[in-house]
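Coordinate analysis (summary)
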Amino acid sequence: MAEPQQSVAKAAALSEPGALQVTEGSSVKLRLFGTDLNSRSWSWLAFAEVDAGANVTDDDGELCRHRSKDIEVTRQVQVYRDTSVVVELRVRPLRKNEDSKLFVLCTSNGSVWMLHPGKDTRIMVLEQKHSLMPLWLQIILTIMLLTLSGIFSGLNLGLMALDPMELRIVQNCGTDAERHHAKCIEPVRRKGNYLLCSLLLGNVLVNTTLTVLLDDMVGSGWLTVVTSTIGIVILGEIVPQALCSRHGLAVGAKTINLTKFFMLLTFPLSYPISKLLDLILGQEIGKVYSREKILEMLKVTGPYNGLDKDELNMIQGALELRTKTVEDVMTPIRDCFMVSKDAILDFSTMSEIMETGYTRIPVYEHEKSNIVDILYVKDLAFVDPDDCVPLQTITRFYNHSLHFVFYDTRLDTMLEEFKQGKSHLAIVQKVNSEGDGDPFYEVLGLVTLEDVIEEIIKSEILDESDLYTDNRSRMKTVHYNKKRDFSAFKPTVNEVQVKVSPQLLLAAHRFLSTEIIQFNAANISEKILLRLLKHPDVINEIKYEEDNKHCPDHYLYTRGKAVDYFILILQGKVETEAGKEDMRFETGPFSYFGTMALGSTLADNLSSSRNSEMNRSLSLHQADRSESAASIVPSSTVISTHHYIPDFSVRAVMDVQFVKITWQQYQNGLLASKLDSTPQSPENLHVSTDVSAMDKAPNIADETTNLLNEQNSSKRKSIHTSVDNNI
């Protein structure tokens, strides 16, 4: 029986039962067991070549006649006892086209060579594999190749994941380090397919070389597979890709020169492939996000992007602006504050406008859906509520243009129109084609610049004048009940109760002073007449009630009923009924009645001697003369007992404004005009002539007032009872 001992070059290994496996060119020591063994036992041994897989029987002695010299039995024999010796075998190299050979042991009895029985004496000679390089160099190269494999794999993920558009963004808004890194990478990343081909070719080349090197180091078989898999997957793929997925910008910038080198190295193969890809797939554009994707990206990255809720709402509102129309944000027409075209800008109307807090007020005619003009609150800067200016006067003067838009106008378009400065308020309308009639424009509501801005910032803009937090939900503000109180600006009791325009007041003044003899400059001065017209009780009005036409309040004069006042119609119409036939006719503005009720003028009743007496009893101090001249009546006024009985009736048939001057007021005006024109001496007593004294009737009467009463009593006998108005 033979047993292998050790190999000089490489130890033999038992590959299968009964067969020994040795490499070519090696020396093998073989232990033999038997009887009568000695130092010449080597000559009894030889080997014969057989074909692999051939069926060789133990009695096949023909093989031993052709003994092989590929395995030589040397004379070096070590004898331990006569039953065991060790012989040395030298295995010669195989031929170039051979990778293995199978040999069987032959023994000799001195004359005949025979095949040794059994399979445990067979020897398989295998080709010896030569290392490509020394082991230390293989280890260094393995480490370098693993490093390059990791770099290529990481850059493939890190650089290709960097979008060209993102790199441009980082160059503009990143940190200094990020801007520098992006600036280094962007020129290379712009050549996307060329970079991709270079990295993939480099990665494949390195991994292939690494596998070959590991196979030479470890040997063939499952151990090479396990070793290469662990090295390439863990060290060359997982670790670098995990690192570059988070720090791809920095790693790519640090290794940009190595990337350029391999792009140049692989240029002959990678560049043509990249051009073919560009031709087929087209130029790389980069990631482009739609509004929906940007909005969703901001929501998902909310905890990390540093935006608070308000900022996110503003961005969301700006991105959604094109998806909404003015109908979504407008104030419905039923909730809009408007002013009628026929309104008078008196204290009540202007207070109502100011209480709303709006700066632009639509003006409608007949109904709210018929908007004909617009009023800016700043237009009222030079309007005095006391003047009772008609609203049409203001709107015609400024003539603001109306801005109409359709209900389906997008908010971004609406914002652009507002930015052009035409108006910050637009009227929303649509074409109503319902029914059998012709289509018409239907007003739906109003939209303002504030509505659009509130939709952008996704929040309500409130000021101290807003009554509602939202025009659509109509939710009241906290300060809803804190309305402005304009009562401090209301007219006092001494001011004119009925408001008329300055033009109408001036026209009434001119008419009285030129057309009616009782009020001409010879009897009453223009200054006193103007102050008389501004007296609180002089200008009055009647609100006509259509349902009660013959209401007593509608009558200015009633036939047979004594009166003591004069009437001048300023606005409106009245119906006059006169004569035994009850003739009726209508008269309009600047018709007047009751001049006989005023009595005689001072020019007809006062003599020069009475003037002297008046100077002694009602003189004015020289220092207060100007104040007295501006007054209408002295502190001691005349008590009127004068009455006039008309034989006609005057009834209002619509709203009427009129001048009503009583006999008392007229006589006081005559006296004030006389005092104003009479020379005064410093010795005269001072008399207070306040305008408010016209409303008082004191019981104190001096000589002048007595004289006036006497003269007026004589005149009352000749009062004419016919209609004395001039139409």
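In this report, we go over the structure that sits alongside the text.

Cut-offs used in this document
Residues numbered from 1 in each chain as written. Predicted model: local features only at pLDDT ≥ 70, side-chain atom pairs only at ≥ 80, totals over all residues. Heavy atoms only, no water. Phe/Tyr/Trp six-rings, centres within 6.5 Å; stacked < 30°, edge-to-face > 60°. Helix = DSSP H or I, 4+ residues; strand = E, 2+ residues; numbered from the N terminus. Lys NZ or Arg CZ within 6 Å of the ring centre and 35° of its normal. Disulfide = S-S within 2.5 Å. Buried < 20%, exposed > 50% of the residue type's maximum accessible area, 1.4 Å probe, protein only. Axes fitted to C-alpha atoms, helices over the stretch in contact; angles between N-to-C directions. Parallel < 35°, antiparallel > 145°, perpendicular 65-115°, else oblique. Left-handed = near helix turned anticlockwise from the far one by under 90°. Contact = heavy atoms within 4.5 Å. Nonpolar A, V, L, I, M, F, W, Y, C, P; charged D, E, K, R; others polar. Pairing = 2+ DSSP bridges. 1 Å grid on protein atoms, 1.4 Å probe; cavity = no way out; pocket = protein on both sides within 12 Å on 5 of 7 lines; lining within 4 Å. Points joined across faces, edges and corners; volume = space filled by probe spheres on them.

**Re the packing of aromatic side chains**
Here the structure, examined in full by the defined rule, presents 17 aromatic pairs. Relative to tyrosine 271, the ring of phenylalanine 267 has its centre 4.8 Å away and its plane inclined at 25°; by these criteria the two rings are stacked. Residue phenylalanine 267 and its partner tyrosine 271 are both found in helix 7 (residues 267–281); the two are separated by four residues, about one turn of the helix. An aromatic cluster is defined as three or more aromatic residues linked by ring pairs; in this entry it consists of Phe511, Phe519, Phe566, Phe590, Tyr592 and Tyr666. The side chain of arginine 31 reaches across the aromatic face of tyrosine 80, ending 4.8 Å from its centre. Note that lysine 660 overlies the ring of tyrosine 565, its terminal NZ or CZ placed 4.4 Å from the centroid.

**Here's the deal with the state of the cysteines**
Considering all chains together, one arrives at one disulfide under this definition. Linked covalently through their sulfurs, cysteine 64 and cysteine 106 form a disulfide whose S-S length is 2.2 Å. Because the sign of the S-S torsion sets the handedness, a value of about -85° for the bond joining cysteine 64 and cysteine 106 places this disulfide among the left-handed ones. Residue cysteine 64 is found in the loop between strand 5 (45–50) and strand 6 (67–68), and its partner cysteine 106 is found in strand 9 (residues 100–108); the two are separated by 42 residues along the sequence. With respect to class, cysteine 64 is no different from cysteine 106; both count as buried.

**Considering the packing of helix 13 (residues 411–419) against helix 14 (residues 449–457)**
Where helix 13 contacts helix 14, the two axes come as close as 10 Å, and the packing angle between them is 130°. One way to sum up the angle between helix 13 and helix 14 is to call them oblique. Helix 13 and helix 14 meet at a crossing whose hand is left-handed. Together, Leu411, Met414, Leu415 and Phe418 of helix 13 and Leu449, Val452, Glu455 and Ile456 of helix 14 make up the contact between the two elements. Tallied by class, residues from the contact of helix 13 with helix 14 come to seven nonpolar, no polar and one charged.

**Let's talk about the sheet that holds strand 13 (residues 339–340)**
Across a sheet, paired strands are connected by hydrogen bonds in the backbone, their directions being either parallel or antiparallel. Taken together, the three strands give an open sheet; going across it, the order is 13-15-16, and neighbouring strands pair in mixed fashion. Each edge of the sheet is formed by a strand with only one pairing partner; in this case those strands are strand 13 and strand 16 (367–376). Pairing of strand 15 (residues 360–365) with strand 16 involves six bridges; the strand directions are antiparallel. Among the inter-strand pairings, glutamate 365 is bridged to a residue of strand 16, identified as glutamate 367. Relative to strand 16, helix 12 (residues 391–398) is tilted by about 65°, and along the sheet it contacts strand 13, strand 15 and strand 16.

**Structural notes on empty space enclosed by the protein**
To find leftover empty space, a probe the size of one water molecule is rolled over the atoms. Inspection of the entire model under this criterion finds two cavities of 30 Å³ or more. Of the voids in this model, the largest cavity is the one considered here, and its volume is about 40 Å³. Class assignment for the residues of the lining of the largest cavity results in five nonpolar, no polar and four charged. Roughly 30 Å³ of internal volume is contained in the second largest cavity. Contributing to the lining of the second largest cavity are Ile374, Ser401, Leu402, His403, Ser423, Leu425 and Ile427.

Any link to function would need more than the numbers given here.
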